[in-house]
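Geometric and topological summary
Letter by letter, the chains look like this.
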Amino acid sequence: MASQISQQYAFRAQKSLGLVNGTPEYAPVPGFAVPDVPARTQNYSADGRLYAYALPTVVRIFQAEGAQLLQELPLPNIVELNFSPRGTYLSTWERPIKLEDGAQHKNLRVFSASTGEELIAFTQKSQESWDLQYTISESHAIRLVSAEIQVFRPAEWSKGIVDKLKVEGATTVSLSPGLNPSVAVFVAEKKGAPASIKIYGLSTLNSPPTCQKMFFKADRSQIKWNTLGTQVLLLTQTEVDNSNKSYYGETGMYLLSAAGNFDCRVTLDKEGPIHDFAWSPNSKEFGVVYGYMPAKTVLFDQRVRPLHDFGASPCNFIAFNPQGRLMALAGFGNLAGKIDIIDRRSLTKVCTIDAPNTSYCEWSPDGRFLLTATLSPRLRVDNGVKIWHCSGPLVHAQLTEELYQTSWRPTPVENVPQFGQGIPQAPPPSESVKLLQAEQKPLASKPAGAYRPPGARGLATPSIFKREDEGGPGSGASTPPRYNRSPVPGAPGYGQQQNGSGPPREYNGGNGPNQHHQHGQQSAGRRLVPGAPPGAGPGQQQQQDGQRDGHAQREGHRDGQGQRDGQGQREGHVQRDNRGVRLDRGDRDQQGGNRNNNHGGKRQNGAGGIVTMPPPVVVVVPVEEEAPMTPGIDSALDPVAKKARNLNKKLKAIEELKEKASRGERLEATQLRKMDGEAEIRKELAGLGA
């Protein structure tokens, strides 16, 4: 065990490696020799007594207190290393290679930490879950090999496997802490067969499981035991979300008791993924962060009864301090990096810490400090370690380029004093904090709040635009329509509604007043096109058609009064040209070309459906004033007028180029060629008689 309470921490970077003592000086541990070459990994033993790092050619084991070198093992290419719970054994892993004699490469090796002797070796291809799992007393060790759980006695490594259990399809295994260890085995869903989790007693491994549960939608899992080893939380996740609501798949959570007297699904009342979950050190409660952002955080008891709802906030991380007195709720990754410290006793917020770009966060063993770090390659800028007191202030900062790894030196919780009634006072900050504050440039204060478009500035924020934790609607509310924008052609609502205001346009059998009334209401909020005649904006063609239909129906009622038969009523509808002369049926067809809006007696509505309508008779309304030409009414021009207009556009562009040339601006070759063609354009325009 550690000889005293310590806030020592270790760090590993591309060009440096070190041990740093805790408060108040945060000075490097004296006597620790920094290696000349970069280290590949480092680790403390679980009791905090030993520290080891791996270089490309050697592994060194130190006494953590005082940094005294204990063992130097000539092991090349070590990528991972780990200690057993009491620091008796050291496991190392290197990448598997093909040996010349064809034998299997035993790349997982176990050594005695005190003598450096190799005790046993295995073949382990995957780096994920590579190490053996030990009981807290180191009496047994297990590993999963091809759906078979193998059990060893570390005191008798030479005897090899002492017990084993084959579970078909097993992908994950977890050994519980505590005095009566159990083994949780997860079997993934495969070929329509449901996934399952089974719990076996380690001493009765070949007996039926003490607890088991089957479920669907589980391709992989994360297993967390409580401190006593009596209950286990299982987080399941699928590779693909069949509902297409999440890129990362669907998640679920289950709670099981090792004794088999309780198991259930953890029901969550907000839709979305489960971001994080953690057991309290008292083994009687756990917290879950879940739901679409802003996520919800709820504290449950050991029977999955909600104890407290912390509300919605942008967070995806939860951690209890080792004493269970404080909680940290934070939002890392693509979130802002705010950390809320919660007093578990009063369920109130102690403080908020602003730690942007954090990629690693851990409570100190005494539960009074919080270590945050920005690590590479997650982020390659602003790498370093910051230590915060639980009351909020920053007490130490160490900026290090290309920082890869950092961690507190563990200390057994029984050696740490408990919290008092109140939160302890923060110590004075170290010199590094003062230097950091002096180097940082003061930032201009900006008004807090989300971006607002210019048209919405200076007004009260509508509730629809607020986050859920700021009083806005829930995550299921629909997004409001965009202001002053017509629907996309072909989308639902196109041609039925203008700018999101007014009721949908309905066909009333040709009775024009309703259509005129709706048109008058909608024209007030219509978006106008610069240079276009009144009523010629985008999306207005259907309204114009409706007006023509209304005019035609009224003409028919006036001219065909008393003729109620189909033939007489059709003959009663007339059409006049722009001079007011009556046209017969053949002239109407020849002049109007049916205007392409009579689709066989059917009209297409805005939602893509088809409404059966009588054949509309179109009336050309006389135009008193000649409107300027716009691209939206090209179909009303004859070919000669179109060509004359295009030639005039080219002449106007040439005049602009001449003005640029007169100002001394440099013209491109294409622009010069365009100017050379002015004479031909004018000649062609004169030939048109324009």
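No experiment lies behind these values; they were computed from the predicted model shown. Residue numbers restart at each chain and count upward from 1, following the sequence in its written direction. With pLDDT at 70 or above as the cut-off, local features in this predicted model cover only qualifying residues; side-chain atom pairs require 80 or more to be listed or tallied, and sums for whole chains, interfaces and linings still use all residues. Processing note: side-chain calculations cover all non-hydrogen atoms of the structure and skip hydrogens and water entirely.

**With respect to the packing of helix 6 (residues 639-662) against helix 8 (residues 678-687)**
- For helices, the fitted axis covers only the stretch in contact; all axes are lines through C-alpha atoms, and the angles between them, taken along N-to-C directions, range from 0 to 180 degrees. Helix and strand labels come from DSSP, where a helix needs a run of H or I of at least four residues and a strand needs a run of E of at least two; each type is numbered from the N terminus. At a minimum axis separation of 10 Å, helix 6 and helix 8 run at an interaxial angle of 150°. The angle between helix 6 and helix 8 places the two elements in the roughly antiparallel class. Helix 6 and helix 8 meet at a crossing whose hand is left-handed. For the pair helix 6 and helix 8, the contacting residues are Lys643, Ala644, Leu647, Asn648, Lys650, Leu651, Ile654, Glu655 and Lys658 in the first and Glu678, Ile681, Arg682, Glu684 and Leu685 in the second.
- Here the residues of the contact of helix 6 with helix 8 are counted per class, giving 6 nonpolar, 1 polar and 7 charged. Angular relationships are summarised with four words: roughly parallel below 35 degrees, roughly antiparallel beyond 145, roughly perpendicular across 65 to 115, and oblique for the angles in between. Helix crossings get a hand from a simple test, with the near helix turned counterclockwise from the far one by less than a right angle marking a left-handed crossing and a clockwise turn marking a right-handed one. Any two residues whose heavy atoms approach within 4.5 Å are treated as being in contact. Note on residue classes: Ala, Val, Leu, Ile, Met, Phe, Trp, Tyr, Cys and Pro are nonpolar, Asp, Glu, Lys and Arg are charged, and everything else, Gly too, is polar.

**With respect to the confidence of the model for the protein chain**
- The quantity known as pLDDT measures the predictor's confidence residue by residue, on a range of 0 to 100. Per-residue pLDDT for the protein chain averages 78, and the proportion of residues at 70 or more is 72%.
- Predicted confidence for residues 556-609 stays below pLDDT 50, and this span has 67 contacts to residues more than four positions away or in other chains.

**A word on the side chain of His105**
- Within the secondary structure, His105 sits in the loop between strand 8 (89-94) and strand 9 (108-112).
- Pairs of N or O atoms are called polar contacts if they sit within 3.5 Å, as long as, within protein, a hydrogen donor faces a hydrogen acceptor (for residues adjacent in sequence, only side-chain-to-side-chain pairs). In this structure the side chain of His105 is engaged in a polar contact, spanning 3.1 Å, whose partner is the backbone nitrogen of Ile97.
- Other than its neighbours up to four places away in sequence, His105 contacts Glu94, Arg95, Pro96, Ile97, Leu99, Phe122 and Thr123.

**Focus on the sheet that holds strand 13 (residues 148-152)**
- Pairing between strands is defined by DSSP: at least two bridges between them are needed. Strand order in the open sheet formed by 4 strands is 11-12-13-14, with antiparallel pairing between adjacent strands. With partners counted over all chains shown, the strands left at the sheet margins are strand 11 (133-134) and strand 14 (163-166), one partner each.
- Bridge count for strand 13 against strand 14 is 4 bridges, and the pairing is antiparallel. Across the sheet, Val151 pairs through a bridge with Asp163, a residue of strand 14.

**Observations regarding helix 8**
- Throughout this description, buried means an accessible area under 20% of the type-specific maximum (1.4 Å probe, protein chains only), exposed means over 50%, and partly exposed covers the range between. Among the residues making up helix 8, those that are buried are Glu678, Ile681 and Leu685. End-on, the buried residues of helix 8 take up no more than an arc of 65°, which puts them together on one face. Opposite its buried face, helix 8 presents the exposed residues Ala679, Glu680, Lys683, Ala686 and Gly687, each directed more than 90 degrees away.
- Buried-residue contacts for helix 8 involve helix 6 and helix 7 (669-676).
- Within two residues after helix 8, Gly689 carries a phi angle of roughly 80°, on the positive side. Starting at the helix axis, one direction is taken to each C-beta atom, and the arc is that of these directions.

**Quick look at the environment of Pro38**
- Turning to its location among the elements, Pro38 is positioned in the loop between strand 2 (17-20) and strand 3 (41-44).
- Exposure remark for Pro38: the relative accessible area of 46% places this residue in the partly exposed category.
- For the pair formed by Pro38 and Pro56, sequence separation is 18 residues and the distance between their alpha carbons is 8.1 Å.

**Some details on the packing of aromatic side chains**
- Side-chain rings of Phe, Tyr and Trp (the six-membered ring for Trp) are treated as a pair once their centres are within 6.5 Å; stacked means planes under 30 degrees apart, edge-to-face means over 60, and tilted covers the remaining angles. Following the criterion strictly, the structure yields 16 aromatic pairs and no others.
- Ring plane angle 50° and centroid distance 5.4 Å describe the contact between Phe317 and Phe332, whose orientation is recorded as tilted. Pair noted here: Phe317 is in strand 27 (residues 317-320) and Phe332 is in the loop between strand 28 (326-330) and strand 29 (338-343), with a separation of 15 residues, a long-range link. Phe332 carries the same exposure label as Phe317, and that label is buried.
- Comment: the charge-over-ring label is applied if NZ (Lys) or CZ (Arg) is within 6 Å of the ring centre and within 35 degrees of the ring normal. The ring of Phe277 is capped by Lys224, whose NZ or CZ atom sits 4.5 Å from the centre of that ring.

**Regarding the pattern of salt bridges**
- Any carboxyl oxygen of Asp or Glu within 4 Å of a side-chain nitrogen of Lys or Arg constitutes a salt bridge here. Tallied over the entire structure, the rule returns 24 salt bridges.
- Glu655 serves as the salt-bridge partner of Arg682, at 3.4 Å between the closest nitrogen and oxygen. Pair noted here: Arg682 is in helix 8 and Glu655 is in helix 6, with a separation of 27 residues, a long-range link.
- Judged by relative accessible area, which is 34%, Glu655 ranks as partly exposed.
- The residue Lys658 makes a salt bridge to Glu678 at a minimum N-O spacing of 2.6 Å. Of this pair, Lys658 sits in helix 6 while Glu678 sits in helix 8, and the two are 20 residues apart along the sequence.

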